[in-house]
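# Chains, contacts and geometry: an overview
These are the residues of each chain, in order.
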Amino acid sequence: FPMGSPDTERSRDSDEGPVHTVTIGYDFYMGKYEVTQGQWLAVMETSPGGYTWDYGVGANYPAYYVSWDDAQAFITTVNAHITATGQGPATMRLPSEAEWEYACRGGTQTRFYFGDSLGVEDYCEDDGVRSKYMWYCGNNTGSYGQPGYGSKPVGALLPNGFGLYDMNGNLWEWCEDWRHVDYVGAPENGTPWINPLGTKRVLRGGYWNNEARFCRSAIRHGGAQTERTNARGYRVVAIR
């Protein structure tokens, strides 16, 4: 698939190019939803870093205040449980950035997996379609401490063509890769970009209070792997 965005895409950033063909020659299984608070607590027992989930709380809400290191600890714990209980090979991990974008697009090359959405501006406007597929500033209501302000329960909106939910908006999602300033030298086989080393890890997808332009399928972001914010979570992949 063509990874990245062309120079002609509205609201693109320079780090989304050059567009390059990625060939993923294997099957992988992407989490249908972001990992939830209920799943996190079932595995780790306490919230990451002891943080209070104060931007949407409940078993079906996504787990946030999760650093890249926290996500790795969750995965290590789950894989150890899978192995110890004889459930098969322990193959859960974070997605590579290429796997994430392929899964997010769901067979599309439009700006969002639901279309180009060019009829309105790319801030908090809603064309009647955006709010059916993604949580962003256009359908995030209220202010801090009020109902409706913050993350939303997973799977509440429509999925993409692969049956995956909330890949545009709701939470930024960690990937395995180090963050690079563009795609020059990026792997073209779906593997994570870990050489050369960087200072930040990749985040994809945008979050519940972002403008629409920051929730496009090609948008890229990064953060230190120890950072926890109310905008960051993750989903997992597995290989069989």
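Please refer to the structure placed before this passage.
Calculation notes
Residues numbered from 1 in each chain as written. Predicted model: local features only at pLDDT ≥ 70, side-chain atom pairs only at ≥ 80, totals over all residues. Heavy atoms only, no water. Helix = DSSP H or I, 4+ residues; strand = E, 2+ residues; numbered from the N terminus. Expected span 1.5 Å × (residues − 1). Contact = heavy atoms within 4.5 Å. Buried < 20%, exposed > 50% of the residue type's maximum accessible area, 1.4 Å probe, protein only. Polar contact = N/O pair within 3.5 Å; in protein donor to acceptor, adjacent residues only side chain to side chain. Phe/Tyr/Trp six-rings, centres within 6.5 Å; stacked < 30°, edge-to-face > 60°. Disulfide = S-S within 2.5 Å.

### Structural notes on helix α2 (residues 68-84)
- Here α2 spans 24 Å end to end across 17 residues, near enough to the 24 Å set by a 1.5 Å rise per residue.
- Turning to α2, the residues buried within the fold contact α1 (37-44), β4 (172-178) and β5 (201-204).
- Gly86 sits one or two residues past α2 and shows a positive phi near 65 degrees.

### Thoughts on the side chain of Asn160
- Within the element layout of this structure, Asn160 appears in the loop between α4 (130-133) and β4.
- When its relative accessible area of 7% is taken as the criterion, Asn160 is described as buried.
- Only 2.9 Å separates the side chain of Asn160 from the backbone oxygen of Cys104, close enough to count as a polar contact.
- A polar side-chain atom of Asn160 sits 2.9 Å from the main-chain amide nitrogen of Phe162.
- Apart from residues no more than four positions distant in its own chain, Asn160 is found in contact with Ala103, Cys104, Arg105, Gly106 and Tyr113.

### Here's the deal with the packing of aromatic side chains
- For the coordinates displayed, the defined rule picks out 19 aromatic pairs.
- Their ring planes at 15 degrees and their centres at 5.6 Å tell us that Trp40 and Phe74 sit as a pair that is stacked. Of this pair, Trp40 sits in helix α1 while Phe74 sits in helix α2, and the two are 34 residues apart along the sequence.
- Plain terms: the ring middles of Tyr55 and Tyr149 are 6.1 Å apart, the flat faces sit at 50 degrees to each other, and that makes the pair tilted. Residue Tyr55 is located in the loop between α1 and α2, and its partner Tyr149 is located in the loop between α4 and β4; the two are separated by 94 residues in the primary sequence.
- Judged by relative accessible area, Tyr55 falls into the buried class, the value being 16%.

### With respect to the state of the cysteines
- One pass over the structure, following the stated rule, counts one disulfide.
- Between Cys124 and Cys137 runs a disulfide, and the two sulfur atoms are separated by 2.0 Å. The disulfide joining Cys124 to Cys137 has a torsion of about -110 degrees about its S-S bond and is therefore left-handed. Here Cys137 lies in the loop between α4 and β4 and Cys124 lies in the loop between α3 (97-105) and α4, a separation of 13 residues in the sequence.
- Residue classification places Cys137 among the buried positions, given a relative accessible area of 13%.
- Not engaged in a disulfide, the cysteine Cys104 finds its nearest cysteine sulfur in Cys215; these two sulfurs lie 10 Å apart.
- Judged by its relative accessible area of 0%, Cys104 is buried.
- Left unpaired, Cys175 is separated from the closest cysteine sulfur, that of Cys104, by 10 Å.
- Here Cys175 falls in the buried class, since its relative accessible area comes to 0%.

### Some thoughts on unusual backbone geometry
- Gly17 connects to Pro18 through a cis peptide bond whose omega is 0 degrees.
- Relative to the helices and strands, Pro18 resides in the loop between β1 (2-3) and β2 (20-21).
- In this chain, Asn195 is followed by Pro196 through a cis amide linkage whose omega measures 0 degrees.
- When you line up the elements, Pro196 lands in the loop between β4 and β5.
- Despite not being glycine, Ser11 shows a phi value in the positive range, around 75 degrees.
- Here Ser11 lies in the loop between β1 and β2.
- In this structure, Asn170 is a non-glycine residue whose phi angle is positive, near 75 degrees.
- Inspection of the secondary structure puts Asn170 in the loop between α4 and β4.
- Taking relative accessible area as the criterion, Asn170 reaches 0% and is therefore assigned buried.

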